[in-house]
Amino acid sequence: MSCCGESRDKPIPEEGNRVTPFKEGQPVTQQPSAQSLPQWQEKAIFQPPNIATPPPAVQYAQQQNQLHQPWAQQPALPFNPYAASGSPPPATNVTSPTLFNASLKGYTASSSSPSPPPSSYGLIPPSAVYGANRMTVSGRGSAILSQKDFAAPSDEGKISVSIDFGTTFSGVAYGSSRIAAGKVQQILNWPGSFETFRKIPTCMLYDEHGQILAWGIEAKNATPMGGAIKCEWFKLFLEPHALRDEAAIDPRLPSLPTGKQALEVIVDFLHCLWSYAKEQITREIGAVADLDSADVWLTVPAAWDARGCQMMRDAAIAAELVHASRAGDTSWRERLRIITEPEAAAVHCAYLTDLHKLRPSQNFMICDAGGGTVDLAVYKIIGMLSNLEIAEMCARSGANCGSLFLDLRFRELVKTLLADHPVHLDAGSLAYFQHNFSEATKMVYRGEADDEKMFHFTCFNTEDPHDPSVGLSHGDLAIPGVLLRREVFDPVVHQVLDLIEEQTKKIDQPVHALLLVGGFSGSEYLFQRVKERFVSRIPVISRPSDCDTATLRGAAQYGLAGRALVSSVIAPQAYMMKVKLPAEPEDHLKRPAYIRTNDAGIPVCENRLQYLVAKGAILRKGQRIQHKFCKFSQNGQDRIFIATLYTSDSDKIMRYTDEGETLELCKWTVDLSVLPSYQENANLPHPNGFYTEFELGLELDSAEVRGVLIHAGEDWGRVVFDFRT
């Protein structure tokens, strides 16, 4: 060992999880779509009133703060991506138009009925998200449960809630052994509609002062009005490249409200979503649910790095998805679990044996094609379905090439075609074109089969003169199918195909099935191109009928299982720690400037890298990698040890921190005063200082990294790393 802080050396039945409104073998092509109400077997479920037609929508007016008659003549953008059907949601206690206050500033929303405003939920101030720059290891009581410690809850009736926070749509599912025979249920009734939806738009509406006006369906359906700011796609601001360099943020993304950061908008949305979900779950199960002690599973993209995952954890805690449920509840943070989207989808798909026909020891790939990201991972089925376990077979991957980027490319195409017709290029007109494309064309487009077809998109402004040279005629914009394929679909679809190709090269074993999930997987053109490219190599290429909610339901199933269904993970990056090591001849030759004599009179080389986990290493879920350290303290006050963690995507083994292919991940400040050996030495006279020996352990989950302070074989502190600098 060296000195001075350096390293020394019960299953879920398949039919209970099928989405009932869809015919077997027919994928979901509209997102989100309707579904029947969840069933509660012990108590009668809520029975909504029979209403022939929804009541007229109302308008909140700023003047005199009074309730007016149905909306004025200007039409709202008809947001209808979900083939909606069903019954009205449980009534909300709306008794006064002052619920949204007088701060609407002329905002109007095209929802069917008013609902409790998100601003009444008592949002956490944004400052709650941004804390200290580093997280310190304290006492043993602050330990966070690792995946290897996962055990079934002592209370069989404990509720597990999953939240699929998506770029374009989000949903909530839940389950318990005492609800519907342990089958996963989804929230289908949402504010702003009398119809049932499996997911709602990930959308927020603010006034010019940054105050929340609406969220979800109500925010998406809001008519553009002066002073109101609509926020969408803000999840992409946590993408790794965007976190490292603001210049890498896609310029086509909508800007955030003045004074708001992306994490604050995420906190606002999660708080609104969770506050409503708790109320709705309580209504649906017909009993008072103990949601304050529920396990909450939050999904994140596979391509996110550990810093993005930690920021999502910060946002979820600030949004009060979990909190102390009683006095003395010191482990409440353990109830928040972060899981990658393909891992959750794999759990759900593994049970669908009629779909993939897989047997134990066979491999399958998950392609989770969502609104913002496309994530890929390969898993092997281990054991029988009755005791399902799957193992990750190679490092997962992903990129920003979801269906949202079809919308953005279509928007750019329209701007190019109508460059000489600026009347069609205002924000409202472009949004109208994009909406028509998203709802009427995007999922049903067939590629070359539609090359000769003309696709017509209604203009928001119909008073502009005809111009057949660009396709303007009688209030429509006509675009040839071949142009849509070349400029809109092919660039994005080719990215997805290349991702799948690269993923297949990472594994030296056959892939027996490729399962497409996520909203984008409902695209006929994408599915057709995937089958054409890979059918000769992968026997089964399919998509479940509930492909749009596979991730959501899989995360809930994981929580209900009460055990680690994914047994192993592959380290997607190398993890190293910056250390000081005794200087070697190579160091004198390559980095003489890094060599100095420490307090013990030993020449040491600074800025050396100690590898903790190599890229591509196979790790059991929650496996701990331990390394011994020692710190020289000059006196009893010198108790802080700072460990700097680096990551690298390179397969190259690097010796120094300045080799250009490393990225500083975080700093972990370790307070050694909690250790008995340190306390003993600190209380004794040591004129020449003293050494403290300890170990640092690293635990990798599918989405998180945890550090552990270890002494004499016992854990003395465990935290999730903080990644802000």
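Everything discussed here concerns the structure shown above.
Residues numbered from 1 in each chain as written. Predicted model: local features only at pLDDT ≥ 70, side-chain atom pairs only at ≥ 80, totals over all residues. Heavy atoms only, no water.

Could you clarify how one ought to interpret the sheet that holds strand E19 (residues 454–458) in this entry?
Two modes of strand pairing occur in sheets, parallel and antiparallel, and in both the strands are linked by backbone hydrogen bonds. The strand order across the open sheet built from 3 strands is E19-E21-E20, with neighbouring strands paired in antiparallel fashion. Each having just a single partner strand, E19 and strand E20 (472–473) make up the two edges of the open sheet. Packed onto the sheet, helix H8 (residues 427–440) meets E19 and strand E21 (476–480) and runs at close to 135 degrees relative to E19. (Pairing = 2+ DSSP bridges. Helix = DSSP H or I, 4+ residues; strand = E, 2+ residues; numbered from the N terminus. Contact = heavy atoms within 4.5 Å. Axes fitted to C-alpha atoms, helices over the stretch in contact; angles between N-to-C directions.)

Sorry if this is basic, but what is going on with the nonpolar core here?
Nonpolar side chains tend to gather and get buried jointly when the protein is soluble and globular. With 56 residues, the main nonpolar core has Ile-163, Trp-190 and Met-204 as its most contacted residues. Those elements that place two or more of their residues in this core are strand E5 (160–165), strand E6 (169–175), strand E9 (203–206), strand E10 (212–215), helix H3 (262–285), strand E13 (295–300), helix H4 (306–318) and strand E14 (336–340). The contacts of Met-204, once residues within four sequence positions are left out, are Ile-212, Ala-214, Trp-215, Ala-219, Ile-229, Lys-230, Cys-231, Phe-234, Val-265, Asp-268, Phe-269 and Cys-272. Counting residues in hydrophobic clusters, the runner-up holds 51 residues, among them Leu-376, Leu-430, Leu-477 and Val-496. (Core = buried A, V, L, I, M, F, W, Y, C linked by side-chain atoms within 4.5 Å. Buried < 20%, exposed > 50% of the residue type's maximum accessible area, 1.4 Å probe, protein only.)

Looking at this structure, how should I read the state of the cysteines?
What makes a disulfide is a covalent bond joining the sulfur atoms belonging to two cysteines. This model, assessed by the stated rule, comprises 0 disulfides. The cysteine Cys-203 is free of any disulfide, with Cys-231 supplying the nearest cysteine sulfur at 7.8 Å. Its relative accessible area of 0% is what places Cys-203 among the buried residues. Cysteine Cys-401 remains unbridged, with the sulfur of Cys-367 as its closest cysteine sulfur at 8.2 Å. For Cys-401, a relative accessible area of 1% gives the class buried. (Disulfide = S-S within 2.5 Å.)

Mind showing me how you'd approach the sheet that holds E9 here?
Read from one edge of the open sheet, 3 strands run E10-E9-E12, paired in antiparallel fashion. This sheet does not close on itself; its edge strands, each paired only once, are E10 and strand E12 (229–232). Pairwise comparison of adjacent strand axes, ignoring direction, gives a mean angle of 20 degrees for this sheet. In the sheet, E9 pairs with E10 via 3 bridges, with the strands oriented antiparallel. Looking at the pairing, Leu-205 lines up with Ala-214 of E10. Together, E9, E10 and E12 form the strand contacts of H3, whose direction differs from that of E9 by roughly 110 degrees.

How do you make sense of the packing of helix H5 (residues 341–350) against helix H11 (residues 550–561) when you look at a structure like this?
To describe two helices that pack against each other, one gives the angle between their axes and the distance between the axes. At a closest axis distance of 7 Å, the pairing of H5 and H11 adopts a crossing angle of 75 degrees. With respect to H11, the axis of H5 lies roughly perpendicular. Note on element contacts: H11 touches H5 through Ala-550, Thr-551, Arg-553, Gly-554, Ala-555, Gln-557 and Tyr-558, opposite Glu-341, Glu-343, Ala-344, Ala-345, Val-347 and His-348. Taken together, the residues of the contact of H5 with H11 sort by class into 6 nonpolar, 4 polar and 3 charged. (Parallel < 35°, antiparallel > 145°, perpendicular 65-115°, else oblique. Nonpolar A, V, L, I, M, F, W, Y, C, P; charged D, E, K, R; others polar.)

Would you mind going over the pattern of salt bridges with me for this structure?
Pairs may arise between side chains of opposite charge once their charged atoms sit close together. One pass over the full model with this rule turns up 38 salt bridges. Salt-bridge contacts for Lys-415 lead to Glu-412; the nearest nitrogen and oxygen are separated by 3.8 Å. With Lys-415 and Glu-412 both in helix H7 (residues 404–417) and 3 residues apart, the pair spans about one turn of that helix. Classification of Lys-415 as partly exposed rests on a relative accessible area of 35%. Taking the relative accessible area as the measure of exposure, Glu-412 reaches 33% and is therefore partly exposed. (Salt bridge = Lys/Arg side-chain N within 4 Å of Asp/Glu carboxyl O.)

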